[in-house]
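Single-letter residue listing:
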Amino acid sequence: MARPRIFLSSTFYDLKHIRSSIENFIEELGYESILSEKGVIAYNPDLPLDESCYREAESADIFVLIIGGRYGSPISKSQKTVVKDFFQRYESITKMEYESASKRDIPIYILIEKSVYNEYETFKNNRDNSSIKYAHVDSINIFFLIEQILNQPRNNPIHTFERHQEIEAWLKEQWSGLFRDLLKRRSDKNQISSLSKQVSDLAEINTTLKRYLEEVVSKVSEVDAAKIIKEEDKRLKDKKKSNEFFADLIVNNLLSYDDISKENLENLYIESKSLEDFASRLELLSPRFRASQLLETWRRNPGIVVNINKGRNILNLSNLEFSDKQSKTKDKA
């Protein structure tokens, strides 16, 4: 029987005892552990050694990243120089293993030594201060790696630890939850399949009822019948569009706030003339939003703007843009 393959990524020399303990823990659960020192990685003679590690990370079922005080060796594609400067930026093998797994959307679990995470909090408040000496890390790149992980919108659960037993307890709890979720999804899938058949049956009934009603209405005067049918068709189309709009991801998320009503939210999308206008109106709807912060976030993450405009498109409205971009377009014209 195929066993789940767990890739364990970390620097080696400072964490070798923890790696050994976690390897035993994984094997005791009946899973297959993948560690570079274990000799199970198939190295391709035509590629650098680290490239084979990235390939194994991509093919694993679960990826576990342990972050300690060492950042690790540079990747093979970088210059073959010894990194001595604490502030020198470079890509490490461990970081690239993490990115390889992240791109494939493999379930990822991140464990960070508590002392390292505490120093990351210090780093956040002293990002531009190069005079500070950090006691628990050998490279500033560790902080940037942690920051990169925290900035991911999903698939980035983090747990801090001091002893390997804390790692094992947390992973056991997480994987039990993952297994339970998979079982629930299977059950939900069967229920959805059943509901889908019922919806299909209702659609057929609805079609039949519509034909009956049209036949009844046709007995009224021809002008009145055409008017009634036209009005009802429009009402159904508007209702369908409204349901689609409120099912949109961002629209649905905004509706979760108690101080935003459906009517106000729909007006927000319809009446806004630009992204700045949208942000200002949203701030008026709910005090929990700040227009300046929203605009700064949207400029850094264009994907959010795309999702906002999905709601506009459902309502057959044009995309919202930043007003400065609109001004430049007018100047060119």
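Fair warning: this is a prediction, and the values are worked out from it, not measured in the lab.

**Student:** Where do I start with the nonpolar core in this structure?
**Tutor:** Across soluble globular proteins, nonpolar side chains have a tendency to be buried as a group. Counting 29 residues, the largest nonpolar core has F63 and I67 as the members making the most contacts within it. Elements with a minimum of two residues in this core: helix 2 (49-59), strand 3 (62-67), helix 3 (93-103), strand 4 (108-113), helix 4 (114-125) and helix 5 (141-150). Examining the composition of this core, we find that five residues originate from one element, helix 5, more than from any other. If near-sequence neighbours (up to four positions away) are discounted, I67 is found in contact with I110, L111, I112, E113, I142, L145, I146, I149 and F161. Formed by 24 residues, the second largest nonpolar core is a distinct cluster that contains F245, L268, W298 and I308.

**Student:** Is there a simple way to think about the environment of T11 in this case?
**Tutor:** Position of T11 relative to the elements: it lies in the loop between strand 1 (5-9) and helix 1 (16-28). In the structure, T11 is positioned 154 residues away from Q165 in sequence and 19 Å away in space, judged by C-alpha atoms. Leaving out residues up to four positions away in the same chain, T11 has contacts with R19, R70, Y71, G72 and T94. Of note is the side chain of T11, whose polar atom sits 2.6 Å from the side chain of D14.

**Student:** Any chance you could explain the sheet that holds strand 4 here in plain terms?
**Tutor:** Whenever strands of a sheet pair, they do so through backbone hydrogen bonds, lying parallel or antiparallel. Judged by pairing direction, the sheet is parallel, and its five strands sit side by side in the order 2-1-3-4-5 without closing on themselves. The open sheet terminates on both sides in strands that have one partner only, identified here as strand 2 (32-34) and strand 5 (158-161). With strand direction ignored, the average angle separating the axes of adjacent strands in the sheet is 25 degrees. Both strand 4 and strand 5 contribute to a ladder of four bridges, which runs parallel. Note on strand 5: the bridge partner recorded for E113 is F161. Helix 4 contacts strand 4 and strand 5 of the sheet and is inclined by roughly 85 degrees relative to strand 4.

**Student:** Got a minute to help me understand the confidence of the model for the protein chain in this structure?
**Tutor:** Interpretation of the predicted coordinates at a detailed level should be avoided for regions scoring low in pLDDT. Confidence in the prediction of the protein chain, expressed as mean pLDDT, is 86, and 90% of residues score 70 or more. Of the regions scoring below 50 in pLDDT, residues 326-333 engages in three contacts with residues more than four places distant in sequence or in other chains.

**Student:** It is not clear to me how the side chain of T94 should be interpreted in this structure. Could you clarify?
**Tutor:** When you line up the elements, T94 lands in helix 3. Ignoring anything within four residues of it in the chain, the contact list for T94 reads S9, S10, T11, L65 and Y71.

**Student:** Is there a simple way to think about the packing of aromatic side chains in this case?
**Tutor:** Ring pairs (aromatic) are described by centroid distance and by the angle formed between their planes. In this structure the tally under the stated criterion is 19 aromatic pairs. Ring centres of Y71 and Y90 lie 5.0 Å apart, and the angle between their planes is 75 degrees; on these two criteria the pair is classed as edge-to-face. With a gap of 19 residues between them, Y71 in the loop between strand 3 and helix 3 and Y90 in the loop between strand 3 and helix 3 connect regions that are remote in the sequence. Since its relative accessible area comes to 13%, Y90 is described here as buried. Between the NZ or CZ atom of R89 and the centre of the ring of F144, over which it lies, the distance is 3.8 Å.

Rules used in this analysis
- Residues numbered from 1 in each chain as written.
- Predicted model: local features only at pLDDT ≥ 70, side-chain atom pairs only at ≥ 80, totals over all residues.
- Heavy atoms only, no water.
- Core = buried A, V, L, I, M, F, W, Y, C linked by side-chain atoms within 4.5 Å.
- Buried < 20%, exposed > 50% of the residue type's maximum accessible area, 1.4 Å probe, protein only.
- Helix = DSSP H or I, 4+ residues; strand = E, 2+ residues; numbered from the N terminus.
- Contact = heavy atoms within 4.5 Å.
- Polar contact = N/O pair within 3.5 Å; in protein donor to acceptor, adjacent residues only side chain to side chain.
- Pairing = 2+ DSSP bridges.
- Axes fitted to C-alpha atoms, helices over the stretch in contact; angles between N-to-C directions.
- pLDDT = per-residue confidence, 0-100.
- Phe/Tyr/Trp six-rings, centres within 6.5 Å; stacked < 30°, edge-to-face > 60°.
- Lys NZ or Arg CZ within 6 Å of the ring centre and 35° of its normal.

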